[in-house]
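Structural characterization, general
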Amino acid sequence: FLAAADGLGSIAIDTTQLNMSVTDPTAWATAMNNLGMVPVGLAGQQLVTDSICVPGFDPSLSMMTGITPINPMMPGMGLVPPPPPTDVPVVKEIIHCKSCTLFPPNPNLPPPSTRERPPGCKTVFVGGLPENATEEIIQEVFEQCGDITAIRKSKKNFCHIRFAEEFMVDKAIYLSGYRMRLGSSTDKKDSGRLHVDFAQARDDFYEWECKQRMLAREERHRRKMEEDRLRPPSPPAIMHYSEHEAALLAEKLKDDSKFSEAITVLLTWIERGEVNRRSANQFYSMVQSANSHVRRLMNEKAAHEQEMEQAKESFKNALTGILTQFEQIVAVFNASTRQKAWDHFSKAQRKNIDIWRKHSEELRNAHSEQLMGIRREEEMEMSDDDSGDNPSKKLRVDDSALAAQAYALKEENDSLRWQLDAYRNEVELLKQEKGQLFRTEESLTKDQQLQFLQQTMQGMQQQLLSIQEELNNKKSELEQAKEEQTHTQAMLKVLQEQLKNAKELAEINGHDESQANEINVLTVALVNQDREKNSEKRSPGLKSEKEALLIGIISTFLHVHPFGANIEYLWSYMQQLDSRISANEIEMLLMRLPRMFKQEFTGVGATLEKRWKFCAFEGIKTV
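Residues numbered from 1 in each chain as written. Predicted model: local features only at pLDDT ≥ 70, side-chain atom pairs only at ≥ 80, totals over all residues. Heavy atoms only, no water.

Summing up its helical and strand segments, the protein has 19 helices and 10 strands in all. Looking at the protein residue by residue over its 623 residues, the buried ones come to 26%. A separation threshold of at least 6 residues defines the contact pool for the protein, and within that pool the share at least 24 residues apart is 64%. (Helix = DSSP H or I, 4+ residues; strand = E, 2+ residues; numbered from the N terminus. Buried < 20%, exposed > 50% of the residue type's maximum accessible area, 1.4 Å probe, protein only. Contact = heavy atoms within 4.5 Å.)

As structure tokens, this is what we get:
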């Protein structure tokens, strides 16, 4: 830390040193010594101390390993002192070399800009060189920053310099902005302003990648070693059976501390099939030793159960104390909600008290239910005890159960009494605040009920009127049917009398049978015509335009199907035109028009099928 402070802290020069004479050699030597530089004319002149440039620092270490490195150049890390104050400018001094002189830039100008530093950068770009500058002069100036591995000079006034280490680049960047003059010449070709910047070289990037891979390998190795260290050890290998090993295992089985390890070995031997007639006795003794640990395990279990019962008892007592305090808190809230104290609280205070009271009651009820559950479990455990216990123990158990029940009933009674008081207070408040609202709500409910009853009465009246109309229509249809029946009967009698008279006249006059047949045909035709007229009178007409449209479409469809079509085929065709139509509706419409459509049965047995045909043209031909 002291070396770093000497290196970088000396850059910020006090204001008293800025007024020194430029021609004073003692002052220059003192200033250069403060900067860590060897005076003019001495070999190994140092531009920037090594403490500023920490070797091995890689700002892009996290790209390969995922670990964020600590930047040693950050202030406060203990490696570099804090930066100089901004109000004091950093002053650079004149640097003298054998073949040239470097003059610092104007301290009032802004620092020269640089590009983003490439990862693993060891190469710098140097521009603004004098035209007469040679490679030897460039090496003389920049070898003071560190070991130079290569210099690539261009025909123009720039070059690339590659150093051995990365921290040497920072020293070279320090020279950016200096004016370089060769010797004491004032010729323009012997002077130039240096511009030093980071350069991106493939060799630097390749070396940086190799270094990062090496660091990543080391990190993976370190993590693997850490995982191996933290991984639980593998179980020891099971040795093979022998009489010596069996004797050692029998001794281990008798030891409580080594029993778990020994029982695993015994189980493995038995599963491997090591038991035979020769070793059966030895294995039996080991199994017997394993059985002897059952009593020990049962005693340990009983001890743990006793500890658990004690813990349960302590938990129950603590829970009882907590519940008692909850009851007291709820009692305080209930007392606060009574009329004497409630009127003196503000509205916000009442709201908070009400919220707190409800929250406390919920917690109190939850804790009481938990305590009651614990007691019920204890009662069930007591009821499951063996009946062979001594009577004194039973009496103690009964007394403790009765005491617990009495205490539980007492607590439940108190909680119910407190809840009842709270409910009474709430009811009184609701009566006071919502007395008027109840009246208005009752009147509104009555009005709604009256409106609903009126609507139901109107609907019933409309249904009654429609039923009466249907009844009148049915009566008129019945009367018409009776009249038609009487008319047909009268016509039938008249025709029968005419037929008798015609037969008698034929017998008397001696007409032939052909005339009689003509008379019979005429009578049958008259009867059929009369029946058709009656059927036309009975069959109702088309109810709507939709039915007429359906009849036209069905007639066209059946006319192009001379062999008929079943109702499902017809319905599937009509479904494409009207998706709301049903097969039953189509069938009822076809049955209403027997003179246009007729139904025929085709097939035998399982292939029997009903088909509808269009027969209107046949009826016209017969007429």
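Our focus in this paragraph is the sheet that holds strand S3 (residues 123-127). Spatial strand order, S4-S5-S3-S8: 4 strands in an open sheet with antiparallel pairing. Looking at the sheet topology across the chains shown, the edges are occupied by strand S4 (148-153) and strand S8 (195-198). Taking the axes of each pair of neighbouring strands and ignoring which way they run, one obtains an average angle of 20 degrees across the sheet. Across 4 bridges, S3 lies against S8 in antiparallel orientation. When the sheet's bridge partners are listed, Phe 125 is paired in S8 with Asp 197. (Pairing = 2+ DSSP bridges. Axes fitted to C-alpha atoms, helices over the stretch in contact; angles between N-to-C directions.)

Let us look at the nonpolar core. Nonpolar side chains in soluble globular proteins tend to be buried together. If you look at the biggest cluster of nonpolar residues, it comprises 30 residues, and the most contacted ones within it are Val 126, Phe 142, Ile 161, Phe 163, Leu 175 and Met 180. Sorting the residues of this core by element identifies strand S2 (100-103), S3, helix H4 (135-142), strand S5 (158-163), helix H5 (167-173), strand S6 (179-182) and S8 as the ones contributing at least two each. Of all the elements, H5 adds the most residues to this core, at 5 residues. Setting aside residues up to four positions removed in sequence, Ile 161 forms contacts with Lys 122, Thr 123, Val 124, Val 126, Ile 138, Phe 142, Ile 148, Ala 150 and Ile 151. (Core = buried A, V, L, I, M, F, W, Y, C linked by side-chain atoms within 4.5 Å.)

Within the fold, Leu 253 resides in helix H7 (residues 243-254). For Leu 253 and His 293, which are 40 residues apart along the polypeptide, the C-alpha to C-alpha distance reads 8.9 Å. Excluding residues within four positions of it along the chain, Leu 253 makes contact with Phe 259, Ala 262, Ile 263, Leu 266, Met 286, Ser 289 and His 293.

Here the structure, examined in full by the defined rule, presents 9 aromatic pairs. Ring plane angle 45 degrees and centroid distance 6.4 Å describe the contact between Tyr 174 and Tyr 178, whose orientation is recorded as tilted. Its guanidinium or amino end placed over the ring of Tyr 174, Lys 92 lies 4.8 Å from that ring's centre, counting from NZ or CZ. Residue placement shows Arg 296 over the ring face of Phe 259; its charged tip is 5.9 Å from the ring centre. (Phe/Tyr/Trp six-rings, centres within 6.5 Å; stacked < 30°, edge-to-face > 60°. Lys NZ or Arg CZ within 6 Å of the ring centre and 35° of its normal.)

This part is about the UniProt feature "coiled-coil region" (unreviewed entry) in the protein. UniProt marks residues 287-314 and 406-498 with the feature "coiled-coil region" (unreviewed entry), using the numbering shown here. Within residues 287-314, the helical portion is 96% and the strand portion 0%, while the C-alpha atoms at the span's ends are 41 Å from each other. (UniProt positions renumbered as here; feature names shortened; annotations may be inferred.)

Another point: a nonpolar patch on the surface. A surface patch of nonpolar side chains, amounting to about 220 Å² of accessible area, comprises Ile 270, Val 275 and Val 287. Assignment of secondary structure puts Val 287 in helix H9 (residues 280-291). A residue is classified by how much of its surface remains accessible, and Val 287, at 42% relative accessible area, is partly exposed. (Patch = residues over 30% accessible without salt bridge, like charges linked within 9 Å, V, L, I, M, F, W, Y side chains within 5 Å. Areas by Shrake-Rupley, 256 points an atom, 1.4 Å probe, with all protein chains shown as cover. Salt bridge = Lys/Arg side-chain N within 4 Å of Asp/Glu carboxyl O.)

Attention now moves to the sheet that holds S6. Hydrogen bonding along the main chain pairs the strands of a sheet, whether they run parallel or antiparallel. With respect to topology, 4 strands assemble into an open sheet ordered S1-S2-S6-S7, the strand pairing being antiparallel. At either margin of the open sheet sits one strand with a lone partner, and together these are strand S1 (95-96) and strand S7 (191-193). Two elements, S2 and S6, share 4 bridges in a ladder whose sense is antiparallel. Across the sheet, residue Thr 101 finds its bridge partner in S6, namely Arg 181.

Looking now at the confidence of the model for the protein. Chain-level statistics for the protein give a pLDDT mean of 77 and a share of 75% at 70 or above. Below a pLDDT of 50 lies the segment residues 1-83, which in the model reaches 112 contacts outside its immediate sequence neighbourhood of four places, other chains included. (pLDDT = per-residue confidence, 0-100.)

So, on to the pattern of salt bridges. Following the criterion strictly, the structure yields 25 salt bridges and no others. Between Arg 296 and Asp 256 there is a salt bridge; the shortest N-O distance is 3.4 Å. Of the two residues, Arg 296 is situated in helix H10 (residues 293-336) and Asp 256 in the loop between H7 and helix H8 (259-272); the sequence distance between them amounts to 40 residues. The shortest N-O distance in the salt bridge between Arg 357 and Glu 361 comes to 3.2 Å. Placement of both Arg 357 and Glu 361 in helix H12 (residues 347-383) is noted, with a separation of 4 residues, approximately one turn of the helix. Here Arg 357 and Glu 361 have matching classes, each one buried. Via salt bridges that share partners, Lys 122, Arg 162, Asp 204 and Glu 207 belong to a single interconnected network.

A word on the environment of Asn 317. Assignment of secondary structure puts Asn 317 in helix H10. Overall, the relative accessible area of 46% leaves Asn 317 in the partly exposed class. Between the alpha carbons of Asn 317 and Leu 371 there is a distance of 9.7 Å; along the sequence they are 54 residues apart.

With that out of the way, let us pick up the packing of H7 against H9. Between H7 and H9, the least distance of the axes is 9 Å, while the angle of their chain directions is 15 degrees. In terms of their interaxial angle, H7 and H9 are classed as roughly parallel. For the crossing formed where H7 meets H9, the hand is left-handed. Facing H7, whose interface residues are Glu 243, Ala 246, Ala 247, Leu 249, Ala 250, Leu 253 and Lys 254, H9 presents Gln 282, Met 286 and Ser 289. (Parallel < 35°, antiparallel > 145°, perpendicular 65-115°, else oblique. Left-handed = near helix turned anticlockwise from the far one by under 90°.)

Our next topic: empty space enclosed by the protein. Scanning the entire structure with this criterion turns up 2 cavities of 30 Å³ or more. Volume-wise, the second largest cavity comes out at about 30 Å³. Forming the boundary of the second largest cavity are Thr 337, Arg 338, Gln 339, Asn 425, Glu 428 and Leu 429. The leading source of residues in the lining of the second largest cavity is helix H13 (residues 391-433), at 3 residues. (1 Å grid on protein atoms, 1.4 Å probe; cavity = no way out; pocket = protein on both sides within 12 Å on 5 of 7 lines; lining within 4 Å. Points joined across faces, edges and corners; volume = space filled by probe spheres on them.)

On to the pairing of strand S9 (residues 597-602), then. As paired strands, S9 and strand S10 (residues 609-614) are joined by 6 bridges and run antiparallel to one another. By the bridge assignment, Phe 597 is partnered in S10 with Phe 614. Hairpin connection between S9 and S10: a loop of 6 residues separates the two successive antiparallel strands, and Gly 603 in this loop has a positive phi of roughly 90 degrees.

With that out of the way, let us pick up the packing of H10 against H12. Their axes nearest at 9 Å, the elements H10 and H12 cross at an angle of 150 degrees. When the axis of H10 is compared with that of H12, the two are roughly antiparallel. Judged by the twist between their axes, the crossing of H10 over H12 is left-handed. Broken down by class, the residue content of the contact of H10 with H12 amounts to 13 nonpolar, 7 polar and 10 charged. (Nonpolar A, V, L, I, M, F, W, Y, C, P; charged D, E, K, R; others polar.)

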